[in-house]
Structures are given as structure tokens and as C-alpha cells.
Amino acid sequence: MIAQPTAIAMHSPLRQPFDAWQMQNNDSNNSSLSDSRATVAPVCRIQPADVAIACRKTIEELEALAKAPDRLFKPRVRRLVKGKWREIDPPTRLGKATLVHLHRFLQQVCPPGKIVHGGALKRSCFTSASLHCGRSLVVTRDIFRCYPSITQSMIFGALIARGFRSDTAALLADLLVIRGCVPQGSPASGSALNILLFEFDKQLRETCETNSWRASRTYDDIVVSSMNLADRPAIERFLNDSIARVGLEFSHRKAKRRGVQVLRGHDGKRTEIHSLVTSRAGGVKIGAKHHQEAIAIATRYQNCCKALSASSLLAAAKLRQQAVGWKHYSGQARFGPYRNVKQLIESGDRIASRRLNALGIAEGPRPWFALDGGHNEPRRLMSAWNRKNKTQSMSA
């Protein structure tokens, strides 16, 4: 038997994290839990005060923030992202902290469906692409102007459909929709999209199970694959109609350019999802462009360490951050340059450390490239290096 969730403990302290609040409710239930969904209080019992507790705010503070978007977000800017100009709403420090807590809260009370790999715990574009490895037919659809097309009324209606109270849904809609749309750059934007597309995801999963298809959605990218090429018209028709029913539109340009892919052996092409090659049934492979870029960044870091100077310490540390990012990215794939990038980074670290030791410049408790938590170790070492050079020049 699945135990019934208990009511929300309204006596919880103001700053109490939602995890602890949830644990209190679970401890008060003596029945055994056989389903993870039973550990979350039903959304119909969640009140605005509970949202405030999860966001580490009083209800008055949270309502004031919801009515003052300029306190949550900086002015909107246009940025070039992957060759396309996008309107970005950068969060303020206060907004980022508040919306991160809200995102975690919504992930617990409104967990996304099984096919969702964006804005979901322990899922990513790699887990999405791995589902379609070795599939003969891959059909993709990208929602056109996804976040700018989502209005406050759409989010409010989706929250009501999920079972939220009207006052709670109104508060959440005010926090999730800013300046007339879901902001790109908000930590909670993924949760907003997952809430809106919950019924779409459910219907897509059921249809795919019936037809032996595989489906995944990573934010606004939807992928359906099949081993039967004859399923192409049915998949395309289903995706186009389902997206239209939500009130959104798919990108016709992307659908025409890369909307349907057929695996090599049928027409000589390979399949690629989220810039990841999925032609091999054994796993995901990093695309050639990203493979070359990862190696190039790591090689630049190694070369920078070979010619290390006081003025280039900070640049080398920032270049190392990029190389480490590519290492983590490629490490998620079954086939990629992870080992090569790792070796280049480690080689650069050894070269830089030997250079500093030879000059008699001691590293602190943190490594020379530490640039986290407001700490700037390269700048400290650069000052020490410059002082040493000045002392040597004066003595000469």
C-alpha cells in the first residue's frame, strides 16, 4: 500500500530548509512508503507560506519580490548564444539565490516526467542522447521561441491543472514569469517549462510505449526515435499536433534542416542529437567540432604554462577553467577526448608548479589556479612574482 502524504506542518520555522520540512512530514507518517511520490506532500495542500519557507523568505518578502522584478533580475540584454541573438534576463544576486531555492522546491513537489532530461536531477543532454543510440530513425522538433512564447496565464493554468491552489499558483506564476515571459537566464526557467509541458510529456511517453518508440525532451528540444523507417509520418504528425495543442510552435527551419535523420546504412548518414553523435549502439560520441575545440583549449593551456610569466598567471588560470569544463563535458560521453584533455591539463599543472617552485614562489593552501569563492590565488602569486622581480632588479 502507498501511504497517504501528511498535511503540511505550518509550525515550521521561517528559515527551515524544505528538505527538513519534508522530512518532518515524512516522519509523522508511520506507514511504509513504497513509492517515492508518497514522500512529497500533495500540491493541493501547498500554501504561499510554504513556498516562502522553501525560498528562505517571509511571505511578505516573497510577495514583494514577486511584484518587483527589477529586484530579481537585471535589465534585459541581447547576447549572441551559439550564433543566435537571444534576450537574456541576468538574475541579481538576490534573485539567483531565491530562484535556485524555488527550482529545488518545484523539482520535489512537481517532479518532471520520465522522458524529461532538462531541468531534472541526474539527467542531461547526454542521458537524452544515449536513449537513441543506434536507432534507425530519429525525428527532432525544436520549439520556436520557446521561453518568450510562454505567458503568465499559460503557467498559471498549468499550475492549476497540476492541482495547486489558486493563491499559490498566482504567486508561483509571478515568480516564474517576468516581464511578460519566462526569462532566459533564470535558474527556475527549466521548472516552469516542465510544469507547462507535463501533460505533453505524459502523452508522449504513453504514445511511445504503445508504438515501441523512444522519446526524450531536453528543455525545448524533443526527440523521438524508432527502428522502423515507416514510422516517420506518424511521428512527425504526432509531434506537430501535440506541440500546437500546448499553444506553442515548432521551428520549421530546424525541422526542414535536421528534423529527420536516418542512420548510416539506409542513406549513408549518421544520427546526431544535441551535437552528440548517436550512430553507435555502444554509446554517445562527442561531435568532431567539440572534440577539436576541447583539444585546442587544453593545448593552449599547456602552451601558456610553458611560457608562464607574472602577467600571464591570471590568463592561464582562466584558460584552465575552460579546459576543465571541456574535460567534464567530454567525460560524460562513451567516446570522446576526455583522456587527452585530462593529460594536457595535468601536464600544464606540473609545468606551472615547477616554474613557480624554481622562482621560490610558494603556493598557498590552495593551488595556484584557484579562482573560486571570491579567492584569486593567481593575483596573489602575481604580486609576489612582481615583488621578487623588483627586488632582483634593485640588487643588480
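Provided above is the structure to which this section pertains.
As a starting point, this report considers the structure included with it. All figures in this text were calculated on a predicted structure; none of them were measured in a lab.

Side note on the sheet that holds strand S4 (residues 214-218)
Right, so step 1: Spatial ordering of the open sheet is given by S4-S5-S3-S6, a layout of four strands whose pairing is antiparallel. Looking at which strands have only one partner, the edges of the open sheet turn out to be S4 and strand S6 (260-262). For this sheet, the mean angle separating the axes of adjacent strands, direction not counted, is 15°.
Right, so step 2: As judged from the six bridges shared by strand S3 (residues 137-142) and strand S5 (residues 221-226), these two strands associate in the antiparallel manner. Across the sheet, Thr 140 pairs through a bridge with Val 223, a residue of S5.
Right, so step 3: Strands S4 and S5 of the sheet are contacted by helix H11 (residues 198-211), whose axis makes an angle of about 160° with S4.

Here we look at the sheet that holds strand S9 (residues 285-286)
Backbone-to-backbone hydrogen bonds pair the strands of a sheet. The strands run either parallel or antiparallel.
Right, so step 1: Strand order in the open sheet formed by three strands is S7-S8-S9, with antiparallel pairing between adjacent strands. Either end of the sheet is taken by a strand with one partner, and the two such strands are strand S7 (272-273) and S9.
Right, so step 2: Looking at chain direction, strand S8 (residues 276-277) and S9 are connected through two bridges and run antiparallel. Counted as the bridge partner of Val 277 is Lys 285 from S9.

Concerning the packing of aromatic side chains
Right, so step 1: With the rule as written, the count across this model stands at three aromatic pairs.
Right, so step 2: Centroid distance Phe 126 to Tyr 329: 5.1 Å. Interplanar angle 70°. Geometry classified as edge-to-face. With Phe 126 in helix H6 (residues 125-130) and Tyr 329 in helix H15 (residues 313-331), this pair connects stretches of sequence that are 203 residues apart. Like Phe 126, the residue Tyr 329 is buried in the burial classification.
Right, so step 3: Taking 5.5 Å as the distance between ring centres and 80° as the angle between the ring planes, the aromatic pair formed by Trp 368 and Phe 369 counts as edge-to-face. Pair check on accessibility: Trp 368 and Phe 369 agree, each one buried.
Right, so step 4: Taken together, the aromatic side chains of Phe 126, Trp 326 and Tyr 329 make up a single cluster linked through ring pairs.
Right, so step 5: The ring of Phe 250 has Arg 141 lying over it, and the distance from NZ or CZ to the ring centre is 5.1 Å.

Remarks on the state of the cysteines
Right, so step 1: Tallied over the entire structure, the rule returns zero disulfides.
Right, so step 2: Of the cysteine sulfurs around Cys 304, a residue in no disulfide, the closest is that of Cys 305, at 6.0 Å.

Things to note about the nonpolar core
Right, so step 1: Judged by nonpolar contacts, the single largest core of 60 residues is most densely connected at Val 51, Leu 102, Ile 155, Phe 164 and Leu 204.
Right, so step 2: For this core, the leading source of residues is helix H9 (residues 166-176), giving six residues.
Right, so step 3: If sequence neighbours within four positions are ignored, Val 51 has contacts with Ile 46, Leu 62, Leu 102, Phe 105, Thr 168, Leu 171 and Leu 172.
Right, so step 4: Core analysis: the next-biggest nonpolar cluster, separate from the first, contains 38 residues, Ile 297, Ala 317, Leu 356 and Trp 385 among them.

Some details on the packing of helix H8 (residues 152-162) against H9
Right, so step 1: Between H8 and H9, whose axes approach to 9 Å, the crossing angle comes to 140°. Considering the angle they form, H8 stands oblique to H9. Read as a crossing pair, H8 and H9 show a hand that is right-handed. Facing H8, whose interface residues are Gln 152, Ile 155, Phe 156, Leu 159 and Ile 160, H9 presents Ser 166, Ala 169, Ala 170, Leu 172, Ala 173, Asp 174 and Leu 176.
Right, so step 2: Taken together, the residues that form the contact of H8 with H9 break down as nine nonpolar, two polar and one charged.

A short note on the pattern of salt bridges
Right, so step 1: The final tally for this structure, using the stated rule, is 14 salt bridges.
Right, so step 2: The partner of Arg 76 in a salt bridge is Glu 87, and the shortest N-O contact between them spans 3.7 Å. In this pair, Arg 76 sits in the loop between helix H4 (69-72) and strand S1 (77-81) while Glu 87 sits in strand S2 (residues 84-88), placing the two residues eleven residues apart along the sequence.
Right, so step 3: Accessibility expressed as a relative area gives 31% for Arg 76, which makes it partly exposed.
Right, so step 4: Assessed through its relative accessible area of 38%, Glu 87 is described here as partly exposed.
Right, so step 5: As a salt-bridge pair, Asp 349 and Arg 320 come within 2.9 Å of each other at their nearest N and O atoms. Taken together, the residues Asp 349 in helix H16 (residues 338-358) and Arg 320 in helix H15 connect sequence positions 29 residues apart. Both residues of the pair, Asp 349 and Arg 320, belong to the buried class.
Right, so step 6: Salt bridges sharing common partners tie together Asp 70, Arg 76, Glu 87, Asp 89 and Arg 179.

Criteria and cut-off values
The residue numbering used here restarts from 1 in each chain and proceeds along that chain's sequence as written. Only residues with pLDDT of 70 or above have their local features reported here, since the model is predicted, and side-chain atom pairs are shown and tallied only from 80 upward, although totals for entire chains, interfaces and linings are computed over all residues. Remark: hydrogens and water are excluded; side-chain values derive from all non-hydrogen atoms of the structure. Strand pairing requires that DSSP identify at least two bridges connecting the strands. Helix and strand labels come from DSSP, where a helix needs a run of H or I of at least four residues and a strand needs a run of E of at least two; each type is numbered from the N terminus. Axes here refer to lines fitted to C-alpha atoms; in helices the fit is confined to the stretch in contact. Angles between the N-to-C directions go from 0 to 180 degrees. Working rule for contacts: check all heavy atoms of both residues, and any pair within 4.5 Å makes them a contact. For this analysis, a ring pair means two rings from Phe, Tyr or Trp (six-membered ring only for Trp) whose centres lie within 6.5 Å, classed as stacked if their planes differ by under 30 degrees, edge-to-face if by over 60, and tilted for the remaining angles. Note on classification: 1.4 Å probe, protein chains only; a residue is buried when its accessible area is under 20% of the maximum for its type, exposed when over 50%, partly exposed between these limits. Charge-over-ring placement is defined geometrically: NZ (Lys) or CZ (Arg) within 6 Å of the ring centre, and within 35 degrees of the ring normal. A pair of sulfur atoms, both from cysteines and within 2.5 Å, is called a disulfide here. What makes a nonpolar core is a set of buried Ala, Val, Leu, Ile, Met, Phe, Trp, Tyr and Cys residues whose side-chain atoms join them at distances within 4.5 Å. To sort the angles, those under 35 degrees are grouped as roughly parallel, those over 145 as roughly antiparallel, those from 65 to 115 as roughly perpendicular, and the leftovers as oblique. Should the near helix be turned anticlockwise from the far one by less than a right angle, the crossing is termed left-handed; should it be turned clockwise, right-handed. Polar here means any residue other than Ala, Val, Leu, Ile, Met, Phe, Trp, Tyr, Cys and Pro, which are nonpolar, and Asp, Glu, Lys and Arg, which are charged; Gly is therefore polar. Salt bridges are defined by distance alone: a side-chain nitrogen of Lys or Arg within 4 Å of a carboxyl oxygen of Asp or Glu.

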